[in-house]
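Each chain, letter by letter, is given below.
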Amino acid sequence: MQGAALTETSTHFKHWLFSPAELLKKRQSLNEASVERIKRENAQAKKQPAAIVVKTEDDSAGKKKKKKKKKRRGGLTLEQEAKLLAFYVNQIYAVCSAYKFPFRMCATTLVYFKRFYISKSIMDLSPQRILPAVFFLASKAEECMIDAGKLAAIFKIKPRQFIRLEMDVL
């Protein structure tokens, strides 16, 4: 078989190569589903009390402190998601450059990151949580293993925070 014929029979070609129109359709569908989920969550949150009154131990004057409720947002537009994805792709390049990771590992990191967000919205799982996981997986796949502790130090998180996301990325 020739190179082109091999490519067309690969699972990568069958499952991960999309025309611009197909990719846009997938992203629109994910965006709409995530915005709907956020609307449902916001509606559910409105049913809860506006503030919770909490008395603290060191509150000797008898004053009551209120915990503020998290402000709810309506979700991102498709364009905002695209800009955020582009920002995080640039962050991958920056981390690779700053820590002099091998090129093949950086390329694999980009592939894992982009593949993940073909089937998920940024509103579903933050790229800040996914980045360390894709770096760690790419280091394993490309056999240039980076210690989980070192990677955790780079991203200022605990190793278990990204190790448990490995299967989600795959």
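If you're wondering where the values come from, they're calculated on a predicted model, not measured in any experiment.

About the criteria used
Residues numbered from 1 in each chain as written. Predicted model: local features only at pLDDT ≥ 70, side-chain atom pairs only at ≥ 80, totals over all residues. Heavy atoms only, no water. pLDDT = per-residue confidence, 0-100. Helix = DSSP H or I, 4+ residues; strand = E, 2+ residues; numbered from the N terminus. Disulfide = S-S within 2.5 Å. Core = buried A, V, L, I, M, F, W, Y, C linked by side-chain atoms within 4.5 Å. Buried < 20%, exposed > 50% of the residue type's maximum accessible area, 1.4 Å probe, protein only. Contact = heavy atoms within 4.5 Å. Phe/Tyr/Trp six-rings, centres within 6.5 Å; stacked < 30°, edge-to-face > 60°. Expected span 1.5 Å × (residues − 1). Polar contact = N/O pair within 3.5 Å; in protein donor to acceptor, adjacent residues only side chain to side chain. Salt bridge = Lys/Arg side-chain N within 4 Å of Asp/Glu carboxyl O. Axes fitted to C-alpha atoms, helices over the stretch in contact; angles between N-to-C directions. Parallel < 35°, antiparallel > 145°, perpendicular 65-115°, else oblique. Nonpolar A, V, L, I, M, F, W, Y, C, P; charged D, E, K, R; others polar. Left-handed = near helix turned anticlockwise from the far one by under 90°.

## Quick look at the confidence of the model for the chain
Detailed reading of the predicted coordinates is not advisable wherever pLDDT is low. Averaged over every residue, the pLDDT of the chain is 84; the share at 70 or more is 82%. Here strand 2 (residues 65–68) stands out as the least confident element of the chain, with mean pLDDT 51; helix 4 (residues 78–98) is the most confident, with 95.

## Focus on the state of the cysteines
Taken as a whole and judged by the stated rule, the model has 1 disulfide. Free of any disulfide, Cys144 has its nearest cysteine sulfur in Cys106, 8.2 Å distant.

## Looking at the nonpolar core
In terms of nonpolar packing, the biggest core is built from 33 residues, with Phe101, Phe113, Ile130, Phe135 and Val169 touching the most fellow members. Elements supplying a minimum of two residues to this core: helix 4, helix 5 (103–119), helix 6 (127–141) and helix 7 (148–155). Residue contributions to this core peak at 8 residues, all from helix 6. Ignoring anything within four residues of it in the chain, the contact list for Val169 reads Tyr112, Phe116, Ile130, Ala133, Val134 and Leu137.

## Details of the packing of aromatic side chains
Within this structure, the stated rule accounts for 7 aromatic pairs. Considering the side-chain rings of Tyr99 and Phe101, the 6.0 Å spacing of their centres and the 20° angle between planes classify their relative orientation as stacked. By relative accessible area, Tyr99 is classed as partly exposed at 39%. An angle of 70° between the planes, with centres 5.3 Å apart, marks the rings of Phe136 and Phe162 as edge-to-face. You can see Phe136 sitting in helix 6 and its partner Phe162 sitting in helix 8 (residues 159–163), a full 26 residues away along the chain. Each member of the pair Phe136 and Phe162 is classed as buried.

## Things to note about helix 6
The end-to-end C-alpha distance of helix 6, which contains 15 residues, comes to 20 Å, matching closely the 21 Å that a straight helix rising 1.5 Å per residue would cover. Within helix 6, 11 of the 15 residues are buried, which leaves it mostly tucked inside the rest of the structure. Every buried residue of helix 6 is listed here: Pro127, Ile130, Leu131, Pro132, Ala133, Val134, Phe135, Phe136, Leu137, Ala138 and Ser139. Buried-residue contacts for helix 6 involve helix 4, helix 5, helix 7, helix 8 and helix 9 (166–169). The residue sitting at the N-terminus of helix 6 and contributing the capping side-chain oxygen is Ser126; that oxygen lies 3.1 Å from the backbone nitrogen of Gln128.

## Focus on the pattern of salt bridges
As enumerated under the stated definition, the model contains 5 salt bridges in all. For Lys39, the salt bridge goes to Glu36, with nearest N and O atoms at 3.8 Å. Here Lys39 pairs with Glu36, and both are found in helix 3 (residues 20–46), just 3 residues apart, close to one helical turn. The partly exposed category is assigned to Lys39, whose relative accessible area is 48%. Across the salt bridge formed by Glu41 and Arg37, the nearest N and O atoms sit 3.0 Å from each other. Of the two residues, Glu41 and Arg37 are both situated in helix 3; the distance of 4 residues between them amounts to about one turn of the helix.

## Points about the packing of helix 3 against helix 4
The interhelical angle for the contact between helix 3 and helix 4, taken along N-to-C directions, is 110°, at an axis separation of 10 Å. On the basis of the axis angle, helix 3 is roughly perpendicular to helix 4. Counting all contacts with helix 3, which are made through Leu24, Arg27, Gln28 and Asn31, the residues of helix 4 involved are Leu78, Glu81 and Leu85. For the contact of helix 3 with helix 4, a count of residues per class yields 3 nonpolar, 2 polar and 2 charged.

## A short note on the packing of helix 6 against helix 7
Their axes nearest at 10 Å, the elements helix 6 and helix 7 cross at an angle of 150°. On the basis of their axis angle, the class for helix 6 and helix 7 is roughly antiparallel. Once helix 6 is placed against helix 7, the crossing between them reads as right-handed. For the pair formed by helix 6 and helix 7, the contact residues are Leu131, Pro132, Phe135 and Phe136 on the first element and Ala148, Leu151 and Phe155 on the second. The class makeup of the residues in the contact of helix 6 with helix 7 is 7 nonpolar, no polar and no charged.

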